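Residues per chain, in single letters:
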Amino acid sequence: MGKNKRSYKAEKVIERMGKKLNRQMAGSLLACVHCGMCTDSCHYVLANEGDVTYAPAYKADQIRKLFKRHFDWTGRVIPWWVKAKSIYTDEELEELKDTIFGKCTNCRRCSLNCPMGVDYATFNRMARGLLVSVGIMPEGVAYVSKDQWEIGNQMGVLKEDYIDTLEWMSEELSEEMNDPNAIIPIDKMDANIVYSINPREVKYDPRTIADAAKIFYLAGENWTMPSECWDMTNFGLFSGDDDLGGAVARRLYEKVEELRGRKLVISECGHGYRSTRCEGQNWAAVDINFEMESSVITMLNYIKEGRIKVDKTRNTTPVTFHDSCNNARSCGLVEEPRELLSLVTTDFREMYPNRYENYCCTGGGGAMSMSEYTPRRLKSAKIKADQLKATGAEIVVTSCHNCVDGLSDLIKHYKLGMKVTQLVNLVANAVVVEEKVAVPVEKVPVPAHAPGLDGYSILVTDDEPDMVTFLSVVLQDNGATVFKAYNGDEAIELARREKIDLMTLDISMPGKSGKEVFEAFRNDPKLRSVPICIITGRPELRSLIYDRPVPPPEGYLDKPVSEKNLLSNVRRLLNLVHPKA
Ligand code: SF4
Ligand code: SF4
């Protein structure tokens, strides 16, 4: 294509840029004096020494030159002087994509170090939105955005799976508290708190839902979770699509209003907190009439007000804290998590630098969904890995689900041997459950025996003989007929030969891996309806299963597995409920 003829997409990007610009962006686009003071603040620069294409000012210039050429008088009059330049081809747009999606996590650390107040991430997000509007974006961004538009949450969790998980966690809470009234209330009207979560909790980490429920219950809170419109994350923040951002935020706000909730509590998630509490009202162009708060503050207040008691000696393993960029730099949530940590752990070690100066987990800005940039992301994660290692801690705590994934990935890559957890898990572990004193509640009889598995055939697939034995004995003791497979080929062969009602599946196996077996089942018309419960000792591999272009597994358990958890999962997947007394 000739230089004078602009492609349709390039034309649209320029036209739409004029509509997106606001005063804050224009200020940032004009103010840079190229002093270079921001350069070393970027983790990409530190990990790619000598490569100027990672420098914040260089990256910003790729957008700035377009702005100057079309929207600033200097660029129209003396373009060569101010380095103004237009864009003509789709190839140039692809190059811009590589910079704005693949070389920046919008972490805003460079903004802190700019004496001119340039906020690069603000107009980088704007540029992402422009490319998204003409269909140029990493594939993962397209998938996630589609799920959030169409299914209502960014991981494509179906309503029945969400409700199933809440009911399952509710059952576990009742059992743990030995109280039939200890439940997760769904769609309760006029509750004090409406609790919203990240879909990752339903899909990968339901324990965080159970832990939060335990804390609400022990605090005597009047709370609820919505049956729909419960996702507080918002991919519009990462993709730069304000229409998506507004639609997602509006759904949640309207649900809280429909339930007449007094306060929306947002579980631990940096971008969810920023999107829902700080940005969503602007994108959605609405005013809301309820309060919003991070669950970190809710938990802290419960302890301070004496609504729950905690025993910090239950969390003695050395911990450090990773500040999510969105929580800290964009929302100022830095002291509350530390205060909470000091109340529920005995050995907290600060990471340096920290708070507003903390480095990104490198999975921010939607980077976890852009697999084409994974090698680049992990290389830049060296900075974070060194920071973590220097603390000597064994656990890194973070108030962000995105950071949990980013940190887990780099911990594995750099072989740090650390665990990642959230404050809700530590608080739930430290909370003191006081003996109940003859509470006059209406007694609902708990069934003495949960339903047996008689008549059901279950295929247990795992390369570890001990694990196969354990799972088989538990299932057989409860009446199931068990078939055992020690590798992927055996599993597929057995399932094709026998009538199987459910399969438990390990991920990491020699020969055919769990991922391949899983896909083979999903792609086989005879086997695709067999419910599969993943049981793995390597939670970091779960994305191998969940990120396949096939329906996700029906169940998921981390090893070690307790007998109780195994049975409650299996019963749930077989749609077996407790018999009514
Ligand atoms: S510190 Fe600010 S003015 Fe200096 S190069 Fe970076 S963005 Fe430009
Ligand atoms: S926003 Fe973060 S990742 Fe992007 S250029 Fe600035 S420091 Fe680097």
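As shown above, the structure is provided for reference.
The rules behind each value
Residues numbered from 1 in each chain as written. Chains lettered and ligands numbered in written order. Predicted model: local features only at pLDDT ≥ 70, side-chain atom pairs only at ≥ 80, totals over all residues. Heavy atoms only, no water. Helix = DSSP H or I, 4+ residues; strand = E, 2+ residues; numbered from the N terminus. Rg over C-alpha atoms; globule rule 2.2 N^0.38 Å. Areas by Shrake-Rupley, 256 points an atom, 1.4 Å probe, with all protein chains shown as cover. Salt bridge = Lys/Arg side-chain N within 4 Å of Asp/Glu carboxyl O. Pairing = 2+ DSSP bridges. Right-handed = clockwise from strand over helix to strand, strands pointing away. Near = heavy atom within 4 Å. Nonpolar A, V, L, I, M, F, W, Y, C, P; charged D, E, K, R; others polar. Axes fitted to C-alpha atoms, helices over the stretch in contact; angles between N-to-C directions. Contact = heavy atoms within 4.5 Å. Core = buried A, V, L, I, M, F, W, Y, C linked by side-chain atoms within 4.5 Å. Buried < 20%, exposed > 50% of the residue type's maximum accessible area, 1.4 Å probe, protein only. Parallel < 35°, antiparallel > 145°, perpendicular 65-115°, else oblique. Left-handed = near helix turned anticlockwise from the far one by under 90°.

A. Region of the structure containing the overall build of the protein chain. The number of helices and strands found in the protein chain is 28 helices and twelve strands. Relative to a compact globule of 581 residues, whose C-alpha radius of gyration would be 25 Å, the protein chain shows 25 Å and is just as compact. When the accessible surface of the protein chain is split by element, carbon and sulfur atoms take 50% of a total near 25,100 Å².

B. Looking closely at the pattern of salt bridges. Enumeration according to the criterion identifies 41 salt bridges in this entry. D501 is the partner of K499 in a salt bridge, and the nearest nitrogen-oxygen pair spans 2.8 Å. Three or more residues are tied together by salt bridges with common partners; here these are E172, E176, R207, D211 and K214.

C. Geometry of the pairing of strand β4 (residues 291-294). Summarising the sheet, strand β3 (residues 263-266) and β4 pair through four bridges and their orientation is parallel. Within β4, the position partnered with V265 by the bridge is E293. Assessed by its sense of winding, the connection that carries the chain from β3 through helix α16 (residues 270-284) to β4 is right-handed.

D. Quick peek at the site of ligand 1. If you check the shell around ligand 1, you find C32, V33, H34, C35, G36, M37, C38, A57, C114, P115, M116 and V118 and nothing else. Of the residues assigned to the shell around ligand 1, the class counts are ten nonpolar, two polar and no charged.

E. Fine view of the sheet that holds strand β8 (residues 457-461). Spatially, β9-β8-β10-β11-β12 is the arrangement adopted by the five strands of the open sheet, whose pairing is parallel. The outermost strands of the open sheet, each flanked by one partner alone, are β9 (481-485) and β12 (555-558). Strand after strand, the sheet turns through a mean of 20 degrees between neighbouring axes, direction not considered. In this sheet, strand β11 (residues 532-536) lies alongside strand β10 (residues 502-505) in parallel orientation, the contact comprising three bridges. In the strand pairing of β11, T504 is matched with C533. Taken strand by strand, helix α24 (residues 465-477) contacts β8, β9, β10 and β11, and its axis lies near 170 degrees from that of β9. Most of the contacts of helix α28 (residues 563-573) go to β12, to which it runs at about 175 degrees, and overall it touches β8, β10, β11 and β12.

F. Seen up close, the nonpolar core. Among the nonpolar cores identified, the biggest contains 46 residues, and Y162 and M225 are the most heavily contacted of them. In contact with Y162, other than residues within four places in its own chain, are V157, I197, V202, M225, P226, S227 and W230. Counting residues in each nonpolar core, the second largest holds 40 residues, with L93, F123, L131 and M137 among its members.

G. Looking closely at the sheet that holds strand β5 (residues 319-322). The three strands are arranged β5-β6-β7 in an open sheet whose pairing can be described as parallel. This sheet does not close on itself; its edge strands, each paired only once, are β5 and β7 (419-421). On average, each strand axis in the sheet is tilted by 30 degrees relative to the strand beside it, whichever way the strands run. Pairing between strand β6 (residues 395-398) and β7: three bridges, direction parallel. Bridge pairing in β7 links I395 to K419. Along the sheet face, helix α22 (residues 401-413) touches β5, β6 and β7 and points at about 155 degrees away from the line of β6. Docked against the sheet, helix α23 (residues 423-430) engages β5, β6 and β7, running at close to 110 degrees with respect to β6.

H. The packing of helix α10 (residues 139-150) against helix α15 (residues 242-258), seen in detail. Axis separation between α10 and α15 bottoms out at 10 Å; the angle between their running directions is 40 degrees. Classified by the angle their axes make, α10 and α15 are oblique. Between α10 and α15 lies a crossing of left-handed hand. Across from S145, Q148 and W149 in α10, the residues of α15 making contact are D243, L244, A247, V248 and R251. For the contact of α10 with α15, the class distribution of residues is four nonpolar, two polar and two charged.

I. Up close: the environment of K382. Take K382: it is sitting in helix α21 (residues 382-391). Each C-alpha atom of the pair K382 and V334 lies 23 Å from the other, and the pair is 48 residues apart in sequence.

So yeah, pure geometry; function would need other evidence.
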